[in-house]
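# Descriptive analysis of the structure
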Amino acid sequence: MKLGLIFSALFGVSLCLETFVGHQVLRIKPKNEEEVKKLQHLETMGHLELDFWKNPTAPSFPADVRIPAKRVPLVKAFLESHGFEYSVLIKDLQVVLDKEKQDMAQSQQKDRSTATFNYGTYHSLDSIYAELDHLASAFNDIVRKIQIGESYEKRPLFVLKFSTGGRNRPAIWLDAGIHSREWVTQASAMWIAKQIASDYGKDPSTTSLLNKMDIFLLPVANPDGYVFTHTTNRMWRKTRSRNKGSLCVGVDPNRNWDAGFGGPGASNNPCSDSYRGPSANSEVEVKSIVDFIRNHGNIRAFLTLHSYSQLLMYPYGYKCTQPADYAELDDLARAAAYSIRSIYDTTFKVGSICKTIYQASGGSIDWSYDYGIKYSFAFELRDTGRFGFLLPANQIIPTAEETWLGLKTIMEHVRDNPY
Amino acid sequence: MQELSAAPPAAFLLLLCLSVLLLPAAAAPGAEQKLSPSSRLAAGAARVALHYLNFQTASPGALQALGQVRKATLKSIPDSGHKYYLQFTTEDYKSGENAGSCLATVLYPKTKSPPVVSIKCMQSKDQRQIQEEDNRLYQKLRHQTKPITGNNIPDSHGNIEPALESVWALAVAGSSYIMWEKSRENLDYFMAQVKSVKQWIRKDDFTEFDYTVLLHEIPTQDIISCHMRLTWLPGHPLKVKYFCASVNHGLEDGSGMESGSAAGVLHEKGPNL
């Protein structure tokens, strides 16, 4: 399992940092022991950046190797001058990968009926909702799907409850996709859901966490917006509620919370992408979460996922003064950022919303913190602007993996520091 | 990576947060403030400097993105504006590999005019390699039998067709001009997507493209749609003409013409203040 993780991690790293345009895959058939040894020696030459898919082991057993574009002439010259027998398996790896992506995209459209959900690709709302059912059924001892409300256009707001029992245990809230165009967040939430479910009983940390606390995970906090990004406008951010007296649709759900509502950092123009709405909690998507949290009464942490920018933030956004628990929150955020960095070296900046990103009123973690939920954090996931909202699907799982490590660090602290 | 040590002095906090417009309140004229490397203002200024550099360099093979801000200082210049002094690392725009480091100054004038940038970089990528890449790109674009067209680059899933990568890189270079011109101390931009591209075949050596690009504007979060006409020939300044309309606000945002008259190589530029 660990080897698999390392392999996929390295694979993930290579996928994130390179394209494979012009990379070739050669099949080399060593004729004798001497040739095998020569190939093995070639493997040790780091500057050639050779990636052996099949290692040279014995004569007559082919070795397959991926060669970066710029090294191809040199390596081929070497092989030819030494009389090696080789053939070109793949002339341009990027072409193959692109075709694969294309195929995946096509099969995605008919994947509702298939048993396996590909966590490394972006899905429609229907596909995600189908997988929530699948998770609840496959892990029915600890996962339950509950509905906490309906969106403006009457789509269900589904939450996965992870629980090993007890009655109204202290719980952690986690949501994603409140801004619909931030696709890596809904996708990461799905992977994280699967991870939590399958880790219970296997990973000591997750097991001890769920033995003491419950987790509530809302993977698509803004389903109307999400559908809109698929059908009409990939860059849609807000809800899809109608605004009285305006042709413009939607409210920024992360300016709509009752925290400094109406203050700086939110627009009062319905056409703006940071429109706060006519009043706090005017958006049913926001009100549903607020009601759920209030009714539950024992939420100890409030975590929310956004993209992009690679930031890990705590309150406040609506004002630039430090929260009372600044020292502890800052320490914990740094520890979480450190964990995030440990797999793929992805750096997250840490700080309060106001200091790190901008002053913004009506934000969710400001509300949750002032409500009394001390451990309130907002994540901005990959990347830092290169692809922005359009993060390539091959980065979903690496993003989810590193984010999960950060979340775990926070959750462990919450578990060990009841208040 | 530098970290905030002790809690910053209260005066420093006030300076950063008092203004509704997110601007630091005017410090005593001439006074210098050291900024945290993780300060959003420092990052914004560094990005502006890179927009300027990417446009001036006019080389799709040499596009750079912000790595980490190492040092940042802010100086309030009376009757002029706010000037940032920055030291930061950069990454290759496409690959993310470390590309070197830069020293830059960015002056945001009091008047609503574009930032004044001077920037000097040490880059790890070989100049010859860059030129080869640009030439390869250029040859591909020049020898099209049919004009290149494309939509949604990257697509919704973040994919860029290999055949359109060079066209995307050129869009980044051209958009950098727009983003530099539009940036203010409290307004940042990222190129979100190339909505459409159409090549115009020319009889002379230049390549020419019509683009619609989407810019992501911070902190408003608005998506700005810009129509951009771009001409390029390796070793020559990039020529950019554009007109932007905010998707949300209708036709009100600015339009601009090229100012590619400056030399297209990365060197220190900008007036002495």
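Fair warning: this is a prediction, and the values are worked out from it, not measured in the lab.

The next point concerns the overall build of chain B. A tally of regular secondary structure across chain B gives four helices and eleven strands. In chain B, of all internal contacts separated by at least 6 residues, the share reaching a separation of at least 24 is 57%. Here chain B has roughly 12300 Å² of accessible surface; of this, 54% comes from carbon and sulfur atoms.

Note that an α-helix has 3.6 residues per turn; residues three or four places apart therefore point the same way. By the burial criterion, the buried members of helix α8 (residues 223–231) of chain A are A:P223, A:D224, A:G225, A:Y226, A:F228 and A:T229. Tucked inside the fold, the buried residues of α8(A) contact α5 (125–138), β6 (156–162), α6 (183–199) and α9 (284–296) of chain A.

Once that is clear, we can look at the interface of chain A and chain B. Residue-level contacts link 43 residues of chain A with 45 residues of chain B. Buried area between chain A and chain B, summed over both chains or domains, comes out near 3700 Å², and the portion from carbon and sulfur atoms is 54%. Looking at the side of chain A facing chain B, the largest losses of area belong to A:K355, A:Y358 and A:R386, adding up to 19% of the total buried there. The interface formed by chain A and chain B includes one salt bridge. Ionic pairing is found between B:E91 and A:R386, a salt bridge with its closest N-O pair at 3.1 Å. Counting every contact that joins chain A to chain B gives 14 residue pairs in polar contact (both at pLDDT 80 or more). Put simply, the parts of the chain that give the side of chain A that touches chain B at least two residues each are α4 (93–109) and α11 (353–356) of chain A.

Turning to the packing of aromatic side chains, a few remarks are in order. For the structure on display, the rule yields 28 aromatic pairs over all chains. With centroids separated by 5.6 Å and ring planes inclined at 45°, the aromatic side chains of A:W173 and A:F292 adopt a geometry described as tilted. Within this pair, whereas A:W173 is found in strand β7 (residues 171–176), its partner A:F292 is found in helix α9, the two being separated by 119 residues in sequence. For the pair A:W173 and A:F292, one class covers both residues: buried. Look at A:F387 and B:W168: their rings are 6.0 Å apart centre to centre, the planes differ by 10°, and that puts the pair in the stacked class.

All names here are of chain A. As for its position among the elements, T206 is in helix α7 (residues 204–212). Given a relative accessible area of 1%, T206 falls into the buried group. At 2.7 Å, the side chain of T206 and the side chain of D203 are in polar contact. Those residues within four positions of T206 in sequence are excluded, and the remaining contacts are I196, D199, Y200, W404 and K408.

Glancing now at unusual backbone geometry. All names here are of chain A. Residue Y308 follows S307 across a cis peptide bond; omega there is 0°. The topology assignment puts Y308 in the loop between β9 (299–307) and β10 (311–314). In this model, P315 is joined to Y316 through a cis peptide bond whose omega is 5°. Residue placement: Y316 occurs in the loop between β10 and α10 (326–344). A positive phi is found at E49, a non-glycine position, where the angle reads about 55°. Within the secondary structure, E49 is located in the loop between α2 (33–43) and β2 (51–54). Overall, E49 belongs to the partly exposed group, its relative accessible area being 40%.

The rules behind each value
- Residues numbered from 1 in each chain as written.
- Chains lettered and ligands numbered in written order.
- Predicted model: local features only at pLDDT ≥ 70, side-chain atom pairs only at ≥ 80, totals over all residues.
- Heavy atoms only, no water.
- Helix = DSSP H or I, 4+ residues; strand = E, 2+ residues; numbered from the N terminus.
- Contact = heavy atoms within 4.5 Å.
- Areas by Shrake-Rupley, 256 points an atom, 1.4 Å probe, with all protein chains shown as cover.
- Buried < 20%, exposed > 50% of the residue type's maximum accessible area, 1.4 Å probe, protein only.
- Buried area = accessible area lost by both parts, 1.4 Å probe.
- Salt bridge = Lys/Arg side-chain N within 4 Å of Asp/Glu carboxyl O.
- Polar contact = N/O pair within 3.5 Å; in protein donor to acceptor, adjacent residues only side chain to side chain.
- Phe/Tyr/Trp six-rings, centres within 6.5 Å; stacked < 30°, edge-to-face > 60°.

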